[in-house]
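# Coordinate analysis (summary)
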Amino acid sequence: MPQVDVRSLSVCIQALQTAIKHNDFLSQSATVDADDYEESSYMFELELAKLVKLYRQEEADGNVNIPLAELLKPPFDSQNA
């Protein structure tokens, strides 16, 4: 298995959470196509779930400095990815 850079992983998790929130905000515009919004939201959430899974593995191995519970902000803190 390739070595994971946990710092980069934590930054990516935080960035995806922010991207999803911004995507939700942008979706409120009348000019946004509903299908495009759904597709991008699904893509972001799927990638976030993958990164959370990797982070959990690293956390279980004791390789992280920040607990996952502190990285995930509402509503993402209740994900069971």
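In this report, we go over the structure that sits alongside the text. (Residues numbered from 1 in each chain as written. Predicted model: local features only at pLDDT ≥ 70, side-chain atom pairs only at ≥ 80, totals over all residues. Heavy atoms only, no water.)

### Regarding the packing of helix α1 (residues 6-26) against helix α2 (residues 34-60)
Between α1 and α2, the least distance of the axes is 9 Å, while the angle of their chain directions is 155°. If you check the angle between α1 and α2, you find them roughly antiparallel. Along this stretch, α1 crosses α2, giving a crossing that reads as left-handed. Side by side, α1 and α2 meet where Val-6, Leu-9, Ser-10, Cys-12, Ile-13, Leu-16, Gln-17, Ala-19, Ile-20, Asn-23 and Asp-24 of the first sit next to Tyr-37, Ser-40, Ser-41, Phe-44, Glu-45, Glu-47, Leu-48, Leu-51, Val-52, Leu-54, Tyr-55 and Glu-58 of the second. When grouped by side-chain class, the residues that make up the contact of α1 with α2 number 14 nonpolar, five polar and four charged. (Axes fitted to C-alpha atoms, helices over the stretch in contact; angles between N-to-C directions. Helix = DSSP H or I, 4+ residues; strand = E, 2+ residues; numbered from the N terminus. Parallel < 35°, antiparallel > 145°, perpendicular 65-115°, else oblique. Left-handed = near helix turned anticlockwise from the far one by under 90°. Contact = heavy atoms within 4.5 Å. Nonpolar A, V, L, I, M, F, W, Y, C, P; charged D, E, K, R; others polar.)

### Things to note about the pattern of salt bridges
Per the counting criterion, the structure on display carries one salt bridge. Of the charged contacts in the structure, one is a salt bridge between Glu-47 and Lys-50, with a shortest N-O distance of 3.3 Å. Taken as a pair, Glu-47 and Lys-50 lie in helix α2 at a separation of three residues, close to a single helical turn. (Salt bridge = Lys/Arg side-chain N within 4 Å of Asp/Glu carboxyl O.)

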